[in-house]
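Report on the structure
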Amino acid sequence: MQSVMNKFLNNIHAVNSIARGGYDVDPDSLSFTTNMSNQVGRVIEELKEIQGALEVGDKVGVLDGVVDTLYTALELGHMAKEAGYKLEPAMMKVAENNLSKFPTSILVAQSTVEKLNAENGEGYCRTEERIYKGVPYYPVLRNSDNKFLKPIGYESVEISQYIPGVVIVTGK
């Protein structure tokens, strides 16, 4: 039996294949870039619909917007995968790396808060203890919107090996 997510993904692919009648999957072509850009626009449009629904308290509009945003964003991922981007390993690398944005050391978190508040003005950010599976984490949160910020020592993940046509040569 197919999972709900697999059925959803298959439906997305069917609907978009019918709607577009196919598309160029050469990641270096202008056609592919245009199609991807158009799909990004659709994602943005759906996000704006969610925002509008939130502003007027339209819960049905919020749910519809969330599902439509997932629909359009997942199609964007499908397009990238069809063009040769290695989406699954890149997703796992990024997901694992995102956890490193949450220090388990209060000292790292406090140092980051001090640095960012000095750079952006007092009260820019804070840290709070959060317990997940028995482990204390100290996310650094921007006060204006609770966005989590990168701590001192954070290293971005390397995902260039998942881009089509990129060959990574290691010296040995």
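Below: a short report on this structure. Note that the structure is a prediction, hence the values are computed from the model and not measured.

Before going further, it helps to spend a moment on helix 3 (residues 59-82). Across its 24 residues, helix 3 extends 34 Å between first and last C-alpha, which sits within 8% of the 34 Å expected from 1.5 Å per residue. For helix 3, the full list of buried residues reads Gly61, Gly65, Thr69, Tyr71, Thr72, Glu75, Leu76, Gly77, Met79 and Ala80. Where helix 3 is buried, its residues touch helix 1 (4-20), helix 2 (30-56) and helix 4 (87-99). The opening residue of helix 3 is Asp58, an N-cap whose side-chain oxygen sits 3.3 Å from the backbone nitrogen of Val60.

Here we take up helix 5 (residues 106-120). A rise of 1.5 Å per residue sets the reference length of helix 5, with its 15 residues, at 21 Å; its end C-alpha atoms lie 21 Å apart and thus fit the reference within 8%. Listing the buried residues of helix 5 in full gives Ala109, Thr112, Val113, Leu116 and Asn117. All buried residues of helix 5 fall inside an arc of 125 degrees around its axis, so they share one side. Across from the buried face of helix 5, at angles greater than 90 degrees, the exposed residues are Leu107, Glu114, Ala118 and Glu119. In this structure, the buried side of helix 5 is in contact with strand 1 (125-127), strand 4 (140-142) and strand 5 (148-149). You can read the cap of helix 5 off the contacts: a side-chain oxygen lies 3.2 Å from the backbone nitrogen of Leu107, and it is on Ser105. One or two positions beyond helix 5, positive phi appears at Gly121, with a value near 105 degrees.

With that settled, the discussion passes to the side chain of Ser29. By the element assignment, Ser29 lies in the loop between helix 1 and helix 2. Take Ser29: its relative accessible area is 13%, and that puts it in the buried class. Side-chain polar atoms of Ser29 contact the backbone oxygen of Asp26, separated by 2.9 Å.

What follows covers the pattern of salt bridges. If you walk through the whole model with that rule in mind, you get five salt bridges. In this structure, Arg126 and Glu128 form a salt bridge, with 2.7 Å as the shortest nitrogen-oxygen distance. Ionic pairing is found between Arg130 and Glu128, a salt bridge with its closest N-O pair at 2.6 Å. The partly exposed category is assigned to Arg130, whose relative accessible area is 39%.

This paragraph deals with the environment of Ser105. Checked against the element boundaries, Ser105 lands in the loop between helix 4 and helix 5. We classify Ser105 as partly exposed; its relative accessible area is 28%. In this structure the C-alpha to C-alpha distance between Ser105 and Glu129, which are 24 residues apart in sequence, comes to 10.0 Å. A distance of 3.2 Å separates a polar side-chain atom of Ser105 from the backbone nitrogen of Leu107.

The rules behind each value
- Residues numbered from 1 in each chain as written.
- Predicted model: local features only at pLDDT ≥ 70, side-chain atom pairs only at ≥ 80, totals over all residues.
- Heavy atoms only, no water.
- Helix = DSSP H or I, 4+ residues; strand = E, 2+ residues; numbered from the N terminus.
- Expected span 1.5 Å × (residues − 1).
- Buried < 20%, exposed > 50% of the residue type's maximum accessible area, 1.4 Å probe, protein only.
- Contact = heavy atoms within 4.5 Å.
- Polar contact = N/O pair within 3.5 Å; in protein donor to acceptor, adjacent residues only side chain to side chain.
- Arc of directions from axis to C-beta.
- Salt bridge = Lys/Arg side-chain N within 4 Å of Asp/Glu carboxyl O.

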